[in-house]
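Structural characterization, general
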Amino acid sequence: MTTTDRPGLTIVPSFDDEDEPGRKLAIICSKGNLDMAYPGLILGNAALGEGVETHLFFTFWGFDMIMRSRADDLSFSPVANTAMHLPIKDVRLPQALAPAPGVSAMTTRMMKKQMEELGIPPVPEFLDQIVAAGGHLWACRLTAEMQKLDASDFRDDIEGVISAADFIDKTAGAQLLFI
């Protein structure tokens, strides 16, 4: 399953076995800002397209992606994002400007426009597509208790508000990504 130079030392995983049955991917979505919402959704969608059983577990600020009251309002903050590029070649947003009033709103609009131009749907629609393709959405019970939330606060297609241990059981043997 892996390519090695020396016995016991894994260098590069081998992806030769395309027909590996029963593959699973478990993605823990812990961030609710716009730029951190998309990586998990894109990877989950890609996995489903390859026939991989896919589970997304939302915890802490990742709840913003699945809450009825917040999902349409995700934003991007360039504060402390030193890699923030403007859509003009390699022009970076100076960090001194990042906390200025209106900059977060401007960069959020900019990112949403770029995603739309690429045909990438808004987060709620992307989650609809993932569920329609057979993906599973789970909410973290501990986070729900901390934030005093229940199932009625979430999208209808959340399959359950479960413990971390339950999620581990459901995704036994899965590749795990923490975002």
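Everything discussed here concerns the structure shown above.
Cut-offs used in this document
Residues numbered from 1 in each chain as written. Predicted model: local features only at pLDDT ≥ 70, side-chain atom pairs only at ≥ 80, totals over all residues. Heavy atoms only, no water. Helix = DSSP H or I, 4+ residues; strand = E, 2+ residues; numbered from the N terminus. Buried < 20%, exposed > 50% of the residue type's maximum accessible area, 1.4 Å probe, protein only. Contact = heavy atoms within 4.5 Å. Core = buried A, V, L, I, M, F, W, Y, C linked by side-chain atoms within 4.5 Å. Domains from an automatic or database assignment. Arc of directions from axis to C-beta. Pairing = 2+ DSSP bridges. Axes fitted to C-alpha atoms, helices over the stretch in contact; angles between N-to-C directions.

Let us now look at the side chain of Thr108. Relative to the assigned elements, Thr108 resides in helix H2 (residues 103-117). Judged by relative accessible area, Thr108 falls into the buried class, the value being 8%.

We now examine the side chain of His55. Relative to the helices and strands, His55 resides in strand E4 (residues 53-58). Those residues in contact with His55, other than ones at most four positions away along the chain, are Leu25, Ala26, Ile27, His136, Trp138, Phe167, Lys170 and Thr171.

The next thing to look at is the environment of Glu50. With respect to the helices, strands and loops of the structure, Glu50 is situated in the loop between helix H1 (34-49) and E4. By relative accessible area, Glu50 is classed as exposed at 61%. Placed 27 residues apart in sequence, Glu50 and Arg23 show a C-alpha to C-alpha distance of 9.7 Å.

Counting 38 residues, the largest nonpolar core has Phe58, Phe63, Met65, Ile66, Val123 and Phe154 as the members making the most contacts within it. Of all the secondary structure elements, the ones that give two or more residues to this core are strand E3 (24-29), H1, E4, H2, helix H3 (123-132), strand E5 (136-140) and strand E6 (158-162). Looking at this core, the element that brings in the most residues is H1, giving six residues. Among the domains, domain 1 (24-72 + 122-178) and domain 2 (75-119) are the pair contributing at least three residues each to this core. Those residues within four positions of Phe63 in sequence are excluded, and the remaining contacts are Phe58, Ala139, Cys140, Thr143, Ala144, Gln147, Leu149 and Phe154.

This next bit is on H3. Taken together, the buried positions of H3 are occupied by Val123, Pro124, Phe126, Leu127 and Ile130. Viewed end-on, H3 has its buried residues packed into an arc of 160 degrees, placing them on one side of the element. Tucked inside the fold, the buried residues of H3 contact H1, E4 and E5.

With that out of the way, let us pick up the sheet that holds strand E7 (residues 175-178). With parallel pairing, the five strands of this open sheet are ordered in space as E6-E5-E4-E3-E7. Of all the strands in the sheet, just E6 and E7 have a single pairing partner and so form its edges. The average undirected angle you get between the axes of adjacent strands in this sheet is 20 degrees. Inspection of the sheet shows E3 paired to E7 by four bridges, in the parallel sense. Among the inter-strand pairings, Leu25 is bridged to a residue of E7, identified as Gln175.

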